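Residue-level structural notes
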Amino acid sequence: GLNSLGSNPGLAIVLGIVLGLMMAFDMGGPLNKTAYAFATAGLGAAATATGNAPELKVMASVMLAGMVPPLALALATVVRPRLFTVQERENGKAAWAMGASFITEGAIPFAAADPLRVIPAIMLGSAVTGGLSQALDVTLRAPHGGIFVLFAVGNITGFLIALVAGTLVAAAAVVGLKSMASKPVVAPVA
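One structure accompanies this document, and this report is about it.

Per the secondary structure count, the protein chain includes 8 helices and 2 strands. Reading the secondary structure of the protein chain in the N-to-C direction produces α-α-α-α-α-α-α-β-β-α. Against the globule reference of 16 Å for 190 residues, the protein chain gives a C-alpha radius of gyration of 16 Å, in line with a compact fold. Structurally, the protein chain occupies a C-alpha span of about 55 × 30 × 25 Å along its principal axes. Every one of the 190 residues in the protein chain was classed for burial, and the buried ones make up 49%.

In structure tokens form, the structure reads like this:
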């Protein structure tokens, strides 16, 4: 399915959305790894490509979408700390570095504690990022590294726009969903 979406330039944004959903759904699990393997296999094919090869755009969408979940949850713990336990707020501090480094697994403690609110929220944000990355023609020639491989990014402005937009959407969604909970966590803020 990913190959058929990837072979049709008119469906590039849809491909970015699907890859974003896959990256956030299980945060390092089989769907996440399938999207990542699809992107890295394309990097090998595009090693000698110049410009905006579709495979380079796929890698950008996957990395950006994988950065969103931990960054969004880190932001949410700062914006509305009372919605999170003390341990989650501590995890939020580490999630900044993990998200910036493209370690999606930084979102797992949050998803394990509240899967019905966290997973849909981060999937939404990652889908926005993946689609925007494709729409803005962001390319990436590195298989990993997050913000530390900006030297390998084509269209850094688009990279940052897609990352910030998805992070804000996911953070707002998680805060909104947690705020609607029948009994929010009211832990003291340190």
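Taken as a class, soluble globular proteins show a tendency for nonpolar side chains to be buried jointly. Core analysis: the biggest nonpolar cluster contains 36 residues, and L19, V62 and L140 have the highest contact counts within it. Of all the secondary-structure elements, those providing two or more residues to this core are α1 (2-6), α2 (12-25), α3 (30-45), α4 (54-79) and α8 (156-179). Not counting residues within four places of it along the chain, the set of residues in contact with L140 comprises L43, L56, M59, A60, M63, V149, A152 and V153. Within the second largest apolar cluster, 17 residues are counted, among which are M27, A107, I119 and V174.

Moving on to the packing of α4 against helix α5 (residues 86-100). Two elements in contact, α4 and α5, have axes whose closest approach is 7 Å; the angle formed by their N-to-C orientations is 140 degrees. For the crossing formed where α4 meets α5, the hand is left-handed. Counting all contacts with α4, which are made through M67, P70, L71, A74, L75, T77 and V78, the residues of α5 involved are E88, R89, G92, A95, W96, M98, G99 and A100. The class makeup of the residues in the contact of α4 with α5 is 10 nonpolar, 3 polar and 2 charged.

Turning to α8, a few remarks are in order. Three or four residues apart is the spacing at which side chains of an α-helix point the same way, because the helix has 3.6 residues per turn. Its 24 residues place the ends of α8 34 Å apart at the C-alpha level, agreeing with the 34 Å of an ideal helix rising 1.5 Å per residue. Those residues of α8 lying buried are G158, F159, A162, L163, G166, T167, A170, A171, A173, V174, V175 and K178. Next to the buried residues of α8 lie α4, α7 (115-135) and β2 (153-154).

A word on unusual backbone geometry. Despite not being glycine, F102 shows a phi value in the positive range, around 65 degrees. In this structure, F102 sits in the loop between α5 and α6 (108-113). Classification of F102 as buried rests on a relative accessible area of 5%. We note that N155 has phi near 75 degrees; this positive angle belongs to a residue other than glycine. Within the secondary structure, N155 sits in the loop between β2 and α8. Among the residues examined, N155 registers a relative accessible area of 34% and is labelled partly exposed.

Cut-off values and rules
Within each chain, residues carry numbers counting from 1 in the order of the written sequence. Totals for whole chains, interfaces and linings use every residue, but because this is a predicted model, local features are given only for residues with pLDDT of at least 70 and side-chain atom pairs only at 80 or more, for both listing and counting. Hydrogens and water molecules were not included; the side-chain quantities draw on all heavy atoms of the structure. A run of DSSP states H or I qualifies as a helix once it reaches four residues; a run of E qualifies as a strand once it reaches two. Both are numbered from the N-terminal end. Each radius of gyration is computed over the set of C-alpha atoms, and the globule rule expresses the reference value as 2.2 Å times the number of residues to the power 0.38. Buried, partly exposed and exposed residues are distinguished by accessible area as a fraction of the type maximum, computed with a 1.4 Å probe on protein chains only: under 20%, between the cut-offs, and over 50%, respectively. Think of a nonpolar core as a cluster: buried Ala, Val, Leu, Ile, Met, Phe, Trp, Tyr and Cys residues, connected wherever their side-chain atoms sit within 4.5 Å. Here, two residues are considered to be in contact whenever any of their heavy atoms come within 4.5 Å of each other. All axes are obtained by fitting lines to C-alpha atoms, using only the stretch in contact for helices, and the reported angles, taken between N-to-C directions, cover 0 to 180 degrees. Should the near helix be turned anticlockwise from the far one by less than a right angle, the crossing is left-handed, and should it be turned clockwise, the crossing is right-handed. Each residue is assigned to one class: nonpolar for Ala, Val, Leu, Ile, Met, Phe, Trp, Tyr, Cys and Pro, charged for Asp, Glu, Lys and Arg, and polar for all the others, Gly among them. To estimate how far a helix should extend, the number of its residues minus one is multiplied by 1.5 Å.

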